[in-house]
Each structure stands twice: as C-alpha cells, then as structure tokens.
Amino acid sequence: MAGEPRPYRRSSWRRVLNGLVRPLARLGLAGRSTYVLTVRGRTSGKVWSTPVSIVEHGGERWLVAPYGERNWVKNARAAGSVELRRGRRSDRLAVEEVDAAGAVPVLREYYRRFRVTRPFFDVTLDSSEDDWLAEAPRHPAFRLGSP
C-alpha cells in the first residue's frame, strides 16, 4: 500500500483550477481526455458542471471518480445519464456503475494515465490485485454508453 491517501478538499486553489479547466474543456483545449460533465442535481434539480477525465479501456469509455463519492457521482447515479462536452461536441450518455471487480482494470488504467490524481489512491501500479480490489469501492467507475 502507498500510505494514507489524501482526502479531497474543495480548496480555493481547486476552485480556481476547475474554473480555468472548465472553459478550456468547453472549448476543446484542455487535453484529449478532458470533458465537462453536466448532470442535474438529484434533490435541487439544478444543473451542475465539473471537469472530468475520460479513460478508454477494453474498447469502451469510462468515467472514474478519483476523489470518491463527490456530488456529481451521486447525481449521475440518480439520473442514469450525464452530458459530456468537449469543444463543439456534446453527448448525452448513459452511465452504468460497475462493481469493484469490474472497476479494477479501469482504475489501473486511469491511475496509469492521470498522475495528478495518484495521491488520492492508496495503491500503486505495483500493488496486488487484492489491494486494488480493496481500493476500488473508494473510486466509483461508470461505463459510458448510449442513453
């Protein structure tokens, strides 16, 4: 194990960073894997947007919650679909959450590709399958598909 993972805190610098990444992703300038996820709030009904990174694995696109049970995760579960926008393209996609065993290979790929979120995981690339299986419930993973 890598030690105690850092908890996600919605700090001032995180709000500033998201405030910069969100418009860049909307314009398609924030990297090939960065999108703006938009989902309706499960209780408020308000529309919320946040930047996310999409990972491809096994010929499918996946949405991973590297910071754990954030509100967008709960809202996506309740809605059953999300909107992903990058540049001029916007797609409404169904989300299907997978169990821990199904999430492990996706989480490994996400961890390998997106180094900035590694401190929020309590595993490394060299961790055992059992360690990854124990870590998986902390990082919900969703298969993206047609609505």
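Predicted model only: the values in this text are computed from it and were never measured.

What to know about the overall build of the protein
A count of helices and strands for the protein gives 4 helices and 6 strands. Considering the protein as a whole, with its 147 residues, one finds that 40% of them fall into the buried category. Counting contacts in the protein only where the partners sit at least 6 residues apart, residues at least 24 apart contribute 62% of the total. On the protein, roughly 8,300 Å² of surface is accessible, and the fraction owed to carbon and sulfur atoms is 49%.

A closer look at the packing of aromatic side chains
Inspection of every chain in the model, using the stated rule, returns 6 aromatic pairs. Centroid distance tyrosine 111 to tryptophan 132: 5.5 Å. Interplanar angle 85°. Geometry classified as edge-to-face. Pair noted here: tyrosine 111 is in helix H3 (residues 100-113) and tryptophan 132 is in helix H4 (residues 129-135), with a separation of 21 residues, a long-range link. Considering the side-chain rings of phenylalanine 121 and tryptophan 132, the 6.3 Å spacing of their centres and the 50° angle between planes classify their relative orientation as tilted. Here the residue phenylalanine 121 occupies a position in the loop between H3 and H4, and tryptophan 132 occupies one in helix H4, the gap between them amounting to 11 residues. Relative accessible area serves as the criterion here: at 2%, phenylalanine 121 is assigned to the buried category. Three or more aromatic residues joined by ring pairs make a cluster, and in this case those are Tyr111, Phe121 and Trp132. Across the ring face of tryptophan 48, the terminal group of lysine 46 is positioned such that the distance to the ring centre comes to 4.4 Å.

Concerning the sheet that holds strand S5 (residues 89-97)
Pairing is antiparallel around the closed barrel formed by 6 strands, whose spatial order is S1-S2-S3-S6-S5-S4. Adjacent strand axes in the sheet meet at a mean angle of 45° when their direction is disregarded. Examined bridge by bridge, strand S4 (residues 81-86) and S5 share 6 bridges and lie antiparallel to one another. Bridge assignment links serine 81 to a residue of S5, and that residue is alanine 94. Contacts from helix H2 (residues 71-79) reach strand S1 (34-40), strand S2 (47-57), strand S3 (60-64), S4, S5 and strand S6 (141-145) within the one sheet, and its direction differs from that of S1 by about 60°. Relative to the sheet, H3 contacts S2, S3 and S6, its axis offset from that of S2 by approximately 100°.

Each value, and the rule that gives it
- Residues numbered from 1 in each chain as written.
- Predicted model: local features only at pLDDT ≥ 70, side-chain atom pairs only at ≥ 80, totals over all residues.
- Heavy atoms only, no water.
- Helix = DSSP H or I, 4+ residues; strand = E, 2+ residues; numbered from the N terminus.
- Buried < 20%, exposed > 50% of the residue type's maximum accessible area, 1.4 Å probe, protein only.
- Contact = heavy atoms within 4.5 Å.
- Areas by Shrake-Rupley, 256 points an atom, 1.4 Å probe, with all protein chains shown as cover.
- Phe/Tyr/Trp six-rings, centres within 6.5 Å; stacked < 30°, edge-to-face > 60°.
- Lys NZ or Arg CZ within 6 Å of the ring centre and 35° of its normal.
- Pairing = 2+ DSSP bridges.
- Axes fitted to C-alpha atoms, helices over the stretch in contact; angles between N-to-C directions.

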